[in-house]
Amino acid sequence: MYELQRLRDDHATALLEFETANREFFARTIADRGDDFFVHFGDRHAALLAEQATGLCHFHVLVDDDGAVVGRFNLFDVKDGAAELGYRVAERVTGRGLAKLGVRRVIELARDDYGLTRLTAGAGPTNLPSLAVLRATGFVAVGDADHNGIRHVRDLTGTPRPYGG
């Protein structure tokens, strides 16, 4: 069983383990965070929690039964009822539907708890798994690829519909 949890201070160790174990895997499809990210992780984690407290971001981790982080699902740049979605899952759990599970849960939180009406997300044109997740969770491609990849939008207004995929 997996649980999506709002980021807390006590997630720091498990989150650092997740990022460290998956660094090379993530770097295959997105820019590496760099050594400073890992060296100053504690400070970065504290800064994220402070930013989350302002309501400008909503950070989440997907944890397994043992408390290990297997995914991150973040809403950032919250403004005027909209936010940007970013997510990543551990290499060891890819292909199990956990990215879709996490995105679906974040969509529900965004709409029902955070009062958002629109989410945007990007995925690189060669990142086929992420593109499939976005499309399976109701995101629609809008425009051509830019520095954030292919832009997608998810409208959160209206009657919720069953998710595909």
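These notes cover the structure that comes with them. (Residues numbered from 1 in each chain as written. Predicted model: local features only at pLDDT ≥ 70, side-chain atom pairs only at ≥ 80, totals over all residues. Heavy atoms only, no water.)

A few words now on the overall build of the protein. Counting its secondary structure elements, the protein contains six helices and seven strands. Counting from the amino terminus, the protein carries its helices and strands in the arrangement β-α-α-α-α-β-β-β-α-β-α-β-β. Relative to the globule expectation of 15 Å for 165 residues, the C-alpha radius of gyration of the protein, 15 Å, shows essentially globular dimensions. For the protein, the spread of C-alpha atoms along the principal axes amounts to about 40 × 35 × 35 Å. The 165 residues of the protein split such that 44% are buried. In the form shown here, the protein has an accessible surface area of approximately 8800 Å², with 52% of it arising from carbon and sulfur atoms. (Helix = DSSP H or I, 4+ residues; strand = E, 2+ residues; numbered from the N terminus. Rg over C-alpha atoms; globule rule 2.2 N^0.38 Å. Buried < 20%, exposed > 50% of the residue type's maximum accessible area, 1.4 Å probe, protein only. Areas by Shrake-Rupley, 256 points an atom, 1.4 Å probe, with all protein chains shown as cover.)

Attention now goes to helix H1 (residues 12-21). Those residues of H1 that sit buried are Ala14, Leu15, Phe18 and Glu19. In an axial view of H1, the angular spread of the buried residues amounts to 135°, which keeps them on one side of the axis. Seen from the open side of H1, the exposed residues pointing more than 90 degrees away from its buried face are Thr13, Glu17 and Ala21. Tucked into the core, H1 has its buried residues touching helix H2 (23-27), helix H3 (35-39), helix H4 (41-53), strand E2 (58-63), strand E3 (69-79) and strand E4 (82-89). (Arc of directions from axis to C-beta. Contact = heavy atoms within 4.5 Å.)

This part covers the environment of Val63. Secondary-structure assignment places Val63 in strand E2. Taking the relative accessible area as the measure of exposure, Val63 reaches 5% and is therefore buried. Residues Val63 and His11 lie 52 residues apart in sequence; the distance between their C-alpha atoms is 9.6 Å. Contacts of Val63, omitting those with residues within four sequence positions, involve Met1, Tyr2, Glu3, Gln5, Ala68 and Val69.

An α-helical turn contains 3.6 residues, so a residue and the one three or four places further along point in the same direction. Residues of helix H6 (residues 128-136) that are buried include every one of Ser130, Leu131, Val133, Leu134 and Ala136, and no others. Buried positions along H6 lie against E4, helix H5 (98-112), strand E5 (118-123) and strand E7 (149-155). Of the residues one or two after H6, Gly138 is the one with positive phi, at around 90°.

This model, assessed by the stated rule, comprises five aromatic pairs. When the centroid spacing of 5.7 Å and the interplanar angle of 45° are considered together, the rings of Phe25 and Phe26 count as tilted. With a centroid separation of 6.1 Å and an interplanar angle of 10°, the aromatic rings of Phe73 and Tyr87 are classed as stacked. Of this pair, Phe73 sits in strand E3 while Tyr87 is found in strand E4, placing the two residues 14 residues apart along the sequence. Classification of Phe73 by relative accessible area gives buried; the value is 0%. Relative accessible area serves as the criterion here: at 18%, Tyr87 is assigned to the buried category. (Phe/Tyr/Trp six-rings, centres within 6.5 Å; stacked < 30°, edge-to-face > 60°.)

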